Amino acid sequence: MQPLGKANIGVSTFYASSHAEDQCGADGLPLTPNSIKIQGRYQWLKVLYHPRLCQHIDIVRGKHERLMIIAEHYKQCLEEESENDTYADEGAFLRLAYEILEGLAYMNENGFVHRSLSPKNILLDAEGHVKLSKYALYYMTGCGADVTFPVGSPRYMAPEVLMAGPSHSSSCLPSGPKSDVWSLGIILLEVALHFKIWPNYALPQLFAKILLLGKYGSSQHPLDTILKEHSLVEKFESLSSNIRYLLRLCLQPLMEERPSAKELLQNEIFKEFSPSPGLDKSTYTMFQCQGMRCEGLQVPQYIEDVEMTDDEDYLAERSVNEVYYLWGLAGGDVENELRRNGLLQSRPPICGMPNVVTQYGDILGLERDSTSLYDDTVVMLSLDQLRTRLAHIPPEDYYPLIEGDREMQKLSQSQSSHDLKELSQLPLIIREKDIEYQLHRIVLYDRLLKGYPYTINRIKLEARRDIPPLFRAETWAALLEVSGDFMADYDKIDKESPVPIDHQIGVDIPRCHQYSELLSSPVAHNKLKRILKAWVVSNPHLCYWQGLDSLCAPFLYLNFNNEALALACLSAFIKKYLHKFFLSENSAVIEEYLAVFSHLIAFHDPELSNHMGSIGFDPKLFAITWFLTMFSHVFPLHKIFHLWDTLLIGNSSFPLCVGVAILHQLRDGLLNADFNECILLITNMPEINIEDCVKESIRIFCHTPKSATYRQHARPPVKKEESSVFALKPISYYTVEVNELPRSELSREPLSLEELKSERCPRISAEDLLELCGLKGIENSKSPTKKSKSSKPIILIIDIRNSEDFNRGHIPLSVNMPFNQAFAPEGDLVACPAVTQLNNHKGRVIVVVGNRGTNAPNFAAQLTMLGYEKVCTMHGGIECLKSTGILTVSSPDL
Amino acid sequence: MSSEAVKKEFKFTFKTKSTVSTLTVPVPIPLLLTVKEFVGRLMCAHDLPCYVEEDLLQMLQLFVKDETAKHQNGNASVILKALEGAAHDKLGNIADQWTKSYTQECTGYTQEKKVPEGQEFTELYHKLIHSQTLEVLFHLEHTYSVAVQDVVVQRDKAIQKLQSKQSQEMERAVQNLDITHDDQHVNMLAARHFENMQRESQQWEMELKNLQEAQRQEFKQYIYQLANDTNNGEEGLVSQRIRAMSDSLPIQDTEEVVEEPAMNESFTINLGAQLKTSHNLRLMSMDVLDLCRHKPIRARGRLMPQPQRLQSAMSLYSNSLSALVLMVDDRVNSYTGIKKEFANICQQSTDFHFPDMDTQLRVIQQDAQKANLLRKERKMENGSADSTASDGSSGSDNGEMSSNLQTGDFYMTRHSNLSQVHLVFHLVSDDSIRDVEARNRHPVILALKNILKIAVQFDIYTITLPLFLVYEMYEEMTIAWCTRRAELVFKCVKGFMMEMPTSGGSDGGETRTIQFVVPKGISEELFTTLSTMLPQIFQQSRSLDLTQR
């Protein structure tokens, strides 16, 4: 993205035309508002970059079909500058023409035309170079179809444009690229001869004149007609031959003879000029550009004694959309800016009411609001407030050190970044709105992402704190370890040919997160369809299940201009979190997942689990959509973003904890409800506080022994090349997958589905047990359940074998509670010293150990029924510990 | 010829060892995909060797570029051909079309920016009512309304007097029938009475109108004066004069009448699958016209503004309006029933911002005629297909278009002098709505949808409508009828609310309120039934439980 430099940011506004009455599309759904269509088309312009075009930054949709366009802007324009003698020199004149043509040629290459080229929107930057503005209005409005006003500048429109008429019907042919060349011809002619064509004519005469130029173009060259009518023939002859030649070419009436912008650029007369330099490839991240970024890289020379000047503008080094984003955080609001400049005046609604509305929706007596007319004024956003707000940020903060050892990095940090440490303790919502915090995060992430994949571990580390919204798309891609030439892969997939699932996709898309303006646009529908089809085609062993659309929506939303990356993220996400979920026969996978989910509920919230069990409210009734869409079907996008920010740094079991956390928030409602009310409550899904939910999920995750979430259908370990940056050791316990741990006879083994479903409580592996009670070596004691090296064991082991077996050998510190004596006939525990110990242990993990068989699970189930939290059993029974030699025999005296 | 895509044959020849293969594919022009993607697909579909990819890409890029240029040239040439052949008047025509689209749609080209009539006044008033002048304005309005009410009271008295006088005369005449009077006499007397009555009321009407017109003029002047007056912060002369004027009015302490609905209950609900929007719903049992009536309260010699009235005055020119749905018959006038009652309320004080009721209705009648014309045209369009059988039914309005509306149509009037309402939707209904079988395709129900749509379009944030779609009680309205009707209306309104497009942008913060009114006389039991039904149909938002954690 290009740096701000000396550019300004400008905002302009217009109304999209509203649909008459109650119209429905062919699919029976209401028509998409035109403003949303325009918004969808616009997105692509944000990534379009050419040095001769003003960068588009953002589009904002206001009330009642109003749109506001934010783009790079300059004060100076050709209209004013041409009054001076700037272009009297042939070289300067040709440079002007060349630069405009460069802009036009780039647009044509990308398949759209300007159509409203005029001296007013040919802007000049500080160095006097051309910057075209308003060049995308014709494109984004669907060739003018979605607005009521005409797109074009009367004086400069080509005869063929006028002849096509101002109507926007679909039968009317869109303007071609060569019409812009005509406009350029007229503009250059005016500049060269210092005049305005037909300055005193009213609009109808002006239009008629231009039309006549075209009508009699074959008998007399329009240029000659114009010169004669303005008696400028002699003045024209005094121009240099190159200029005369150029003008004559531009104003050719016949299409075949009028050159295109690209052809003109290659003309002899421009041979001295070379194309304007674009952005260096190394300023892009891996996700944004294909091919080698180091190509043509020139490392700038290191100059030892550069003098630091105080008035260096560090903000100008940041990219335009970063500056715009920060401007918004500094309290900027485009609607306010427009209003302050009188562009957003609207009459009070009560003054514009209609009189009669018939049952068919005909509206009568509605007056046209004169404030809705098109005004092409551009209002410049003042960056002063932003600059004062950031004035105290020291220069080093704009260039943080991310290499070198910690000490060095610390040294380079300024005072203000220490303050940020405190800021990072505040709630996420506040952090996301804090301009200083975001500036630091943006600067840091910008550098980290440019360094991806080399910086992968640092990105993962930073993501645990938070992800700046501006860089969420690429940070997610990094967390999902997207790599390789995913763009070429995407190009190769056939996304157009019909496949059987097309119909289902077509039905699902218009129902997928349509409250989002962006996702409800036709452009978005098309993109979503392409990505879904691409996924289906590229995963022949999997199939499309409803919900895939919801799953894809966040990725599309974030990577709206990068379908390939959206697909790459989606694929990586499914591989990691939804392994085998999209098999055509996925019931075993899902049932196992749900069984583990039920275990987790029982483990963390026995009361809720008991209640759900008693009314028959099975997770199967609601949780399949939760997990199949990773909650993207139940939450709005802004909540999914925060949820997935954390989900993506956790392992594949983390979603289970999120599920438990959501139930935890609904707990009170569920406990007081019967079956029907529970179903209603869950299907309507009340507002969930996502930040609390995320915190709770992390807490639950940390208090769950890792092997408790073991699933046989989880993704098998992925082999990674030793040399790959992704093969580095995971940074924490959280990110390790259960399946990626080395296997031993102490690990968990798959259970049959019946077995799994029949048990109430999770099983943990013997390994985990040893680790939890600290019987394993110190290097492995990274378990999060162990808070400190306190003397007290953090788990309680209950040995339910009969006392003889117990005395023969048991785990140290375990408590013996023989099954056959433990429970009274009513199901309560029979009081004994062991029970007291058990009650004192509330809140800690309780592991039930017995011989192989169903005794231990049954015992655990009964404990859960009694409301004991965190009850689990050890997989494999006491037998599997025999080989470890840790079993002890209690001394007979005790 | 149209801009639709055409297919062009693309040929590509390449060598593999010794064999020369040629690939021929149709390429749509203009190509909507990137050339790269197209090549990727070709490579896969035809199983081409990877070393030709680069060549293929280059060739195809060239090909597409050429063909696109040709296509575009072709398009433009077609237009130019037409231009060459076009007659001068056709060119003039086109030039006029362009001129029109510029002058009507762009600010730079309209003759001069004409400031809509009264805009200045509107802005001034809005500014003043949001300043400390608010109180002064209120005094002013009060002074005027007292004057109007004076006339209204006098009128009512005079008419009553005349009425009783006439009825006595008539009684006498009837008693003395065949003695001093004969039938003809009586008839003449009746005719004379009628004439006198009409003259009398016309005179009063005239007086009222003149008074209101004078007040309107004066009010406007005051507004301009006040605007100058208050500029320096201090209360100026004009304000003092107005205050003095209202203080000099005879003091008559009126009792504080709180017109709270007899029974009412409020709900906050959430709508939407993923993104929830919250709305306020209110169920009230009251006389709906109480939302319109307002009486300034004078307590202990001081003028007490009614809070609702103040709120309405302040939000008149804002983007948060409130409206009321009245059920009326198909004639656009104010002679009978609730229409008359409503018109009387409007007459109680001068409307300083909008034309009086009669004038508004006259304009509406014209639009109603246009609406009927449209309807007829539409019928003709549709009718041409299925013969002209339906002509008989619409035979009555053969001559000139009637200004009577049809069930399901509605018209709107604007008011600045009512208590809690800025806008009134007069929804045309008939007896069919009293039928218990009225379902969701009934025109009145569909009209509710149109009303909600208008509400979204024109920033109406509070809307009041009859839950039973009638405001009176009829004998057929049993409890079963009422619950069934309530269920229908609740469900339909919920559906319409979910369908409503968000008006976009900064809309998120504001919540809309819908008030359902049931007649005053309903039993408490029924009211409870209805108020339990509401949260079942709409999803009530979970209240925040602060005790948790």
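Residues numbered from 1 in each chain as written. Chains lettered and ligands numbered in written order. Predicted model: local features only at pLDDT ≥ 70, side-chain atom pairs only at ≥ 80, totals over all residues. Heavy atoms only, no water.

K.L.:
So, the overall build of chain A: which residues are in play, and what are the values?
P.N.:
Counting its regular elements, chain A contains 38 helices and 14 strands. Each principal axis of the C-alpha atoms in chain A carries an extent, and together these give about 125 × 80 × 50 Å. Out of the 894 residues belonging to chain A, those deemed buried represent 55%. For chain A, the share of sequence-separated contacts (at least 6 apart) that also reach a separation of at least 24 residues comes to 73%. (Helix = DSSP H or I, 4+ residues; strand = E, 2+ residues; numbered from the N terminus. Buried < 20%, exposed > 50% of the residue type's maximum accessible area, 1.4 Å probe, protein only. Contact = heavy atoms within 4.5 Å.)

K.L.:
How would you summarise the nonpolar core if you had to cite specific residues and measurements?
P.N.:
One finds Phe573 and Trp626 of chain A to be the most contacted residues of the largest nonpolar core, which totals 238 residues. Once you skip the residues sitting within four places of it in the chain, tryptophan 626 of chain A turns out to touch Phe597, Phe631, Val634, Gly659, Ile662, Leu663, Ile682 and Met685 of chain A. Counting 113 residues, the second-largest nonpolar core is a separate cluster that includes Ile223, Leu448, Ile514 and Phe527 of chain B. (Core = buried A, V, L, I, M, F, W, Y, C linked by side-chain atoms within 4.5 Å.)

K.L.:
Break down the pattern of salt bridges for me, citing the residues and quoting the values.
P.N.:
Applying the stated rule across the entire model yields 65 salt bridges over all chains. Here arginine 472 of chain A and glutamate 432 of chain A are joined by a salt bridge, their closest N and O atoms 3.4 Å apart. Of this pair, arginine 472 of chain A sits in helix α20 (residues 472–479) while glutamate 432 of chain A sits in helix α17 (residues 428–433); the two residues are 40 residues apart in sequence, bridging distant segments of the chain. Summarising the burial analysis for this pair, arginine 472 of chain A and glutamate 432 of chain A share the class buried. Among the ionic pairs, arginine 216 of chain B bridges to glutamate 213 of chain B, the shortest N-O distance being 3.6 Å. One end of the pair, arginine 216 of chain B, and the other, glutamate 213 of chain B, are both in helix α6 (residues 183–229), three residues apart, so they sit about a helical turn from each other. A relative accessible area of 37% places glutamate 213 of chain B in the partly exposed class. (Salt bridge = Lys/Arg side-chain N within 4 Å of Asp/Glu carboxyl O.)

K.L.:
Requested: an account of the sheet that holds strand β4 (residues 76–77) of chain A, with residues and values cited.
P.N.:
For sheets, the rule is that strands pair by backbone hydrogen bonds, running either parallel or antiparallel. Residue and element names in this part refer to chain A. Spatially, the three strands line up as an open sheet ordered β4-β5-β6, and their pairing is antiparallel. A single partner strand is all that each edge strand has here, and the edge strands are β4 and β6 (130–132). As defined by bridge partners, strand β5 (residues 122–124) adjoins β6 across three bridges and the pair is classed as antiparallel. Bridge pairing in β6 links leucine 123 to lysine 131. Most of the contacts of helix α3 (residues 90–109) go to β6, to which it runs at about 35°, and overall it touches β5 and β6. (Pairing = 2+ DSSP bridges. Axes fitted to C-alpha atoms, helices over the stretch in contact; angles between N-to-C directions.)

K.L.:
Please provide a residue-by-residue account of the pairing of strand β2 (residues 56–61) of chain A, values included.
P.N.:
All names here are of chain A. Most of β2 sits inside the fold, with five of its six residues counted as buried. Direction of pairing for β2 relative to strand β3 (residues 66–73): antiparallel, over a ladder of five bridges. Looking at β3, one finds that aspartate 58 is bridged to isoleucine 70. Joining the antiparallel neighbours β2 and β3 is a turn of four residues, in which histidine 64 adopts a positive phi near 50°.

K.L.:
Any details on unusual backbone geometry? Residues and values, ideally.
P.N.:
What you tend to see is this: most non-glycine residues have negative phi, and most peptide bonds are trans. Cis geometry marks the peptide bond from tyrosine 452 of chain A to proline 453 of chain A, where omega comes out at 5°. Relative to the elements of secondary structure, proline 453 of chain A occurs in the loop between α18 (435–450) and α19 (456–463). Residue isoleucine 29 of chain B is joined to proline 30 of chain B through a cis peptide bond whose omega torsion reads 0°. Among the secondary structure elements, proline 30 of chain B is positioned in the loop between β2 (19–29) and α1 (35–45). Of note in this structure, lysine 134 of chain A is not a glycine but carries a positive phi near 55°. Inspection of the secondary structure assignment puts lysine 134 of chain A in the loop between β6 and α4 (137–140). Even without glycine at this site, tryptophan 198 of chain A takes up a positive phi of about 40°. Under the relative-accessibility criterion, tryptophan 198 of chain A is labelled buried at 5%.

K.L.:
Please set out the interface of chain A and chain B residue by residue, giving values where relevant.
P.N.:
At the interface, 91 residues of chain A touch 96 residues of chain B. Roughly 8,100 Å² of surface becomes buried between chain A and chain B when both sides are summed, with 59% attributable to carbon and sulfur atoms. The partner of arginine 378 of chain B in a salt bridge is aspartate 362 of chain A, and the shortest N-O contact between them spans 2.9 Å. Counting across the interface, chain A meets chain B through 29 residue pairs in polar contact (both at pLDDT 80 or more). Among the elements of the structure, α5 (159–163), α7 (203–215), β7 (356–357), β8 (363–364), α21 (486–492) and α30 (654–671) of chain A are those that each provide at least two residues to the side of chain A that touches chain B. In terms of residues, the side of chain A that touches chain B owes the most to one element, α7 of chain A, which gives eight residues. (Buried area = accessible area lost by both parts, 1.4 Å probe. Polar contact = N/O pair within 3.5 Å; in protein donor to acceptor, adjacent residues only side chain to side chain.)

K.L.:
Tell me about the environment of phenylalanine 458 of chain B, and name the residues and values.
P.N.:
With respect to the secondary-structure elements, phenylalanine 458 of chain B resides in the loop between α11 (443–457) and β10 (460–466). Accessibility expressed as a relative area gives 9% for phenylalanine 458 of chain B, which makes it buried. In this structure the C-alpha to C-alpha distance between phenylalanine 458 of chain B and leucine 321 of chain B, which are 137 residues apart in sequence, comes to 8.3 Å. Look past the residues within four positions of phenylalanine 458 of chain B in its chain and what remains in contact with it is Pro349, Gly352, Met353, Pro354 and Leu366 of chain A together with Leu321 of chain B.

K.L.:
Can you tell me about α11 of chain B, naming the residues and giving the values?
P.N.:
Residues and elements named next belong to chain B. Spanning 15 residues, α11 covers 21 Å between terminal C-alpha atoms, matching the ideal 21 Å at 1.5 Å per step. Of all 15 residues in α11, 11 are buried, a share of seventy percent or more. Within the sequence span of α11, burial applies to Val444, Ile445, Ala447, Leu448, Lys449, Asn450, Ile451, Leu452, Ile454, Ala455 and Val456. (Expected span 1.5 Å × (residues − 1).)

K.L.:
Can you explain the packing of aromatic side chains? Please cite residues and give values.
P.N.:
Enumeration over the complete set of coordinates arrives at 51 aromatic pairs over all chains. Their ring planes at 5° and their centres at 3.9 Å tell us that phenylalanine 149 of chain A and tyrosine 374 of chain A sit as a pair that is stacked. With phenylalanine 149 of chain A in the loop between α4 and α5 and tyrosine 374 of chain A in the loop between β8 and β9 (379–381), this pair connects stretches of sequence that are 225 residues apart. Comparing phenylalanine 149 of chain A with tyrosine 374 of chain A, the two get one shared label, buried. Among the aromatic residues, ring-to-ring pairing joins Phe581, Tyr593, Phe597, Phe617, Phe622, Trp626, Phe627, Phe631 and Phe675 of chain A into one connected group. A cation sits over an aromatic face here: lysine 495 of chain A above tyrosine 490 of chain A, 3.9 Å from the ring centre. Directly above the ring of phenylalanine 121 of chain B sits lysine 220 of chain B, whose terminal nitrogen or CZ lies 5.4 Å from the centroid. (Phe/Tyr/Trp six-rings, centres within 6.5 Å; stacked < 30°, edge-to-face > 60°. Lys NZ or Arg CZ within 6 Å of the ring centre and 35° of its normal.)

K.L.:
Quick one: what's the story with the UniProt feature "domain: Rab-GAP TBC" (unreviewed entry) in chain A, residue by residue and with numbers?
P.N.:
Cross-referencing UniProt, the feature "domain: Rab-GAP TBC" (unreviewed entry) maps to residues 466–651 of chain A in the present numbering. As annotated, residues 466–651 of chain A comprises 59% helix and 0% strand, and the C-alpha atoms at either end are separated by 17 Å. (UniProt positions renumbered as here; feature names shortened; annotations may be inferred.)

K.L.:
Any chance you could break down the sheet that holds β2 of chain A for me, citing the residues and the numbers?
P.N.:
Residue and element names in this part refer to chain A. The strand order across the open sheet built from four strands is β2-β3-β1-β9, with neighbouring strands paired in antiparallel fashion. For this open sheet the edge positions go to β2 and β9, each flanked by a neighbour on one side alone. Between one strand axis and the next, the sheet turns through 30° on average, direction left out of account. As paired strands, strand β1 (residues 8–15) and β9 are joined by three bridges and run antiparallel to one another. Each bridged residue has a counterpart across the sheet, and for isoleucine 9 the counterpart in β9 is leucine 381. Each of β1, β2, β3 and β9 touches helix α12 (residues 320–329); the most contacted strand, β2, lies at about 35° to it.

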